[in-house]
Amino acid sequence: MKKRLLCAVAVAGLVVSACISRIPVHAENKEERELIIYELGDPRVPVTDRSNSVVHNLNASEDEGEDYEGMDERPIIIYELGDPRVPVVDKDNADNIHILEETVAKGDFAPTEYYNLASGAYEYNFSNVTKFVHTNRYFSTNGNGYISVSTTGINNPVRISMIEHGTNEVISSWEGDPRTVLGVGFPGNPSKFYYFRFMPYGVTSVSGFGEIFWDN
């Protein structure tokens, strides 16, 4: 009798141990699995087309994104006559003035070269424009999200438009007699680039010179 009881206990122990050994231990198995290394050229890894992708900037917080959206709603700055923030252009002694020619800039041709306004103002000059001219450089905003244009060297009423580089969309415009103000400050997004268009406003032609600059 005692021998049969011991045998029964032994058999039961084998059954229990067998059942326990079949229970998967998922946590241990997961920890023991190896990392997968995708070698160069592995077709399982998608190739990102940055020009057609929505890129999430993980360095910018949601609050910063909201601030950038609000920048497009900020007003244009009008620099009144005598404002010391607007540089005075000496056309005769300018060293690096950019001549904007209507025959070259006519049409929807955006500039392809960047000009860093942190290194100094961009000086422009154009003559007898009947349609419009574009700046031959594009720019970024200053830390406050603005790019400014001096206007007193323009002889007739003009429309100045700030255009987003890449989309060629007009972001904001100012029109009027440029001789009644020193300049105009255009609001933009610090993460984007812009160029400018000059065209006659209610007159047959316009000529002028001035500077595009950062009002720091």
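Counting of residues starts from 1 at the beginning of each chain's written sequence and follows it residue by residue. Totals for whole chains, interfaces and linings use every residue, but because this is a predicted model, local features are given only for residues with pLDDT of at least 70 and side-chain atom pairs only at 80 or more, for both listing and counting. In computing side-chain values, all of the structure's heavy atoms are included and hydrogens and water are not.

Visitor: Would you mind showing me how to read the overall build of the chain here?
Guide: Looking only at helices and strands, the chain has 4 helices and 11 strands in total. Exposure classes here rest on a 1.4 Å probe applied to the protein chains alone. A residue is buried below 20% of its type maximum, exposed above 50%, and partly exposed in between. Going through the 216 residues of the chain one by one, you find that 33% of them count as buried. The contact rule is simple, with two residues in contact once any of their heavy atoms fall within 4.5 Å. In the chain, of all internal contacts separated by at least 6 residues, the share reaching a separation of at least 24 is 82%. Here the accessible surface of atoms and residues is derived via Shrake-Rupley with a 1.4 Å probe, and residues count as covered only by protein chains that are part of the display. When the accessible surface of the chain is summed, it comes to about 14,500 Å², and 53% of that surface belongs to carbon and sulfur atoms. Each helix corresponds to a stretch of at least 4 residues labelled H or I by DSSP, and each strand to a stretch of at least 2 residues labelled E; elements are numbered beginning at the N terminus.

Visitor: Looking at this structure, I do not really get the environment of Ser-150. What am I missing?
Guide: On the secondary structure map, Ser-150 appears in strand β6 (residues 146-150). Here the alpha-carbon distance between Ser-150 and Tyr-79, two residues 71 residues apart in the chain, equals 8.5 Å. Looking at Ser-150, its side chain comes within polar contact range of the main-chain nitrogen of Glu-211, at 2.7 Å. Any pair of nitrogen or oxygen atoms within 3.5 Å is treated as a polar contact; in protein, a donor-acceptor pairing is required on top of that, and neighbouring residues in sequence qualify only through side-chain atoms on both sides.

Visitor: Got a minute to help me understand the nonpolar core in this structure?
Guide: Nonpolar side chains in soluble globular proteins tend to end up buried together. Membership of the largest hydrophobic core comes to 23 residues, with the highest contact counts inside it found for Ile-160, Phe-196, Phe-198 and Ile-212. Of all the elements in the fold, those that place two or more residues in this core are β3 (122-129), β6, β7 (158-164), β9 (183-187), β10 (193-200) and β11 (206-213). Residue contributions to this core peak at 4 residues, all from β3. Residues belong to a common nonpolar core when they are buried Ala, Val, Leu, Ile, Met, Phe, Trp, Tyr or Cys residues joined through side-chain atoms within 4.5 Å.

Visitor: Even after reading the chapter, I still don't get the packing of aromatic side chains, so can you show me in this structure?
Guide: Two measures describe an aromatic ring pair: the distance that separates the ring centres and the angle between the ring planes. In summary, the pairing rule links any two rings of Phe, Tyr or Trp, Trp by its six-membered ring, whose centres are within 6.5 Å, and it sorts them by plane angle into stacked for under 30 degrees, edge-to-face for over 60 and tilted for everything else. For the structure on display, the rule yields 11 aromatic pairs. On the numbers, 5.7 Å between centres and 50 degrees between planes, the contact of Tyr-114 with Tyr-138 is tilted. Separated by 24 residues along the polypeptide, Tyr-114 in the loop between α4 (102-105) and β3 and Tyr-138 in the loop between β4 (133-134) and β5 (139-140) bring together distant segments of the chain. On the basis of relative accessibility, which here comes to 36%, the residue Tyr-114 falls in the partly exposed class. Ring centres 5.6 Å apart and planes at 75 degrees place the aromatic pair Tyr-114 and Phe-193 in the edge-to-face group. Placement of Tyr-114 in the loop between α4 and β3 and of Phe-193 in strand β10 is noted, with a sequence separation of 79 residues between them. According to the relative accessible area criterion, Phe-193 is partly exposed, its value standing at 37%.

Visitor: Sorry if this is basic, but what is going on with unusual backbone geometry here?
Guide: Trans peptide bonds make up the majority, and among non-glycine residues the majority have a negative phi. Backbone geometry at Asn-128 places phi at a positive 50 degrees, although glycine is not the residue there. You can see Asn-128 is positioned in strand β3. Asn-128 gets classed as exposed once you look at its relative accessible area, which sits at 56%. Non-glycine residue Asn-168 carries a positive phi angle of around 60 degrees. The class of Asn-168 is partly exposed, set by a relative accessible area of 38%.

Visitor: Whenever I open this one, the pairing of β11 confuses me. Can you help?
Guide: A regular strand places its side chains on the two faces of the sheet in alternate fashion. Where burial is concerned, most of β11 is hidden: 7 out of the 8 residues are buried. When DSSP locates at least two bridges between a pair of strands, those strands are taken to pair. Pairing geometry for β3 and β11, over 6 bridges, is antiparallel. Its bridge partner lying in β11, Val-129 is registered against Val-206. Here β6 pairs with β11 via 2 bridges, running antiparallel. Note that in β11 the partner of Val-149 across the bridge is Ile-212.

Visitor: Help me out: how do you make sense of the side chain of Arg-197 in this one?
Guide: Mapped onto the elements, Arg-197 comes out in strand β10. There is a polar contact of 3.0 Å between the side chain of Arg-197 and the side chain of His-134.

Visitor: In this structure, what is going on with the environment of Tyr-146? I would like to understand it.
Guide: Take Tyr-146: it is sitting in strand β6. For Tyr-146 and Ile-76, which are 70 residues apart along the polypeptide, the C-alpha to C-alpha distance reads 8.9 Å. In this structure Tyr-146 touches Arg-74, Pro-75, Ile-77, Thr-141, Gly-185, Phe-186, Pro-187 and Trp-214, once residues within four positions along its chain are discounted.

Visitor: So what exactly am I meant to see when it comes to the pattern of salt bridges here?
Guide: Pairs can form between side chains of opposite charge once their charged atoms are near each other. Any Lys or Arg side-chain nitrogen located within 4 Å of an Asp or Glu carboxyl oxygen qualifies as a salt bridge. Tallying each qualifying case throughout the model produces 4 salt bridges. With a closest N to O distance of 3.7 Å, Glu-113 and Arg-137 form a salt bridge. Here the residue Glu-113 occupies a position in the loop between α4 and β3, and Arg-137 occupies one in the loop between β4 and β5, the gap between them amounting to 24 residues. On the basis of relative accessible area, Glu-113 is assigned to the partly exposed category, the value being 45%. Accessibility expressed as a relative area gives 19% for Arg-137, which makes it buried.

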